[in-house]
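Residue-level structure breakdown
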Amino acid sequence: MKRKLAVLLAVFALATAAFAMPAASAGGHLQGEMDITLILEECPNPNAPGSGVVSWLGTVDLGKHKVGIAFWTTNPPVEVGDTGFAYWEDTWTLFRLPRFMWHPDAMFWAACTPWRVLMDADEAGIVAPSGIGYAAGDITYGKKHFEKYVGGHFFWYGEYTNPEGTEFAADLWVFPGGMQ
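Residues numbered from 1 in each chain as written. Predicted model: local features only at pLDDT ≥ 70, side-chain atom pairs only at ≥ 80, totals over all residues. Heavy atoms only, no water.

Regarding the environment of Asp120
- With respect to the secondary-structure elements, Asp120 resides in strand β5 (residues 117–127).
- The spacing of Asp120 and Ile69 is 51 residues in sequence and 9.8 Å in space, taken between C-alpha atoms. (Helix = DSSP H or I, 4+ residues; strand = E, 2+ residues; numbered from the N terminus.)

Quick notes on the layout of surface pockets
- As a volume, the largest pocket reaches approximately 350 Å³.
- Looking at the largest pocket, it is lined by 16 residues, and the ones nearest its centre are His65, Val67, Leu118, His145 and Phe146.
- For the lining of the largest pocket, a count of residues per class yields seven nonpolar, two polar and seven charged.
- If you trace the second largest pocket, you find 16 residues lining it, with Trp56, Pro77, Trp88, Asp90 and Tyr160 closest to the centre.
- Mapped onto the lining of the second largest pocket, the elements with two or more residues apiece are β1 (30–42), β2 (53–61), β3 (66–79), β4 (86–95), β5 and β7 (153–160). (1 Å grid on protein atoms, 1.4 Å probe; cavity = no way out; pocket = protein on both sides within 12 Å on 5 of 7 lines; lining within 4 Å. Points joined across faces, edges and corners; volume = space filled by probe spheres on them. Nonpolar A, V, L, I, M, F, W, Y, C, P; charged D, E, K, R; others polar.)

See the structure below:
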């Protein structure tokens, strides 16, 4: 089992490098810093963009712009044998932040509002016993200037920032569709 996990991680790293290198040299990719918090709350909006339960909520700083990010867990993390690693699949959305966030629920409301969604993505990821996590996947929707990323790929890696495992920080890269 440990060997299978090592092979899986090696393939994951090589695949990431394979699509990251040409994209970085071609330009046009997004790069940002993500800070998220575990919330596990059901959206009151029945038309919420995800599964209805937001697992993680936070922001992505893209340099000139900051957007919200919400993770919608489709398959909860599953332990990989007795290795201490966990695997998951979910979707996430980038969304427009409210102009004024004086109420603590304003960001949660924005995450649950379909017309605020800027981008959707499907991902699969793994977290190590040390708290370092990785994920990659495909961009499935983009609005306005995010349309060029539809069909593209993304990758992020990061780690828990508190001992409880309820705060997470990561670097995120998103590459336009059609890049080979």
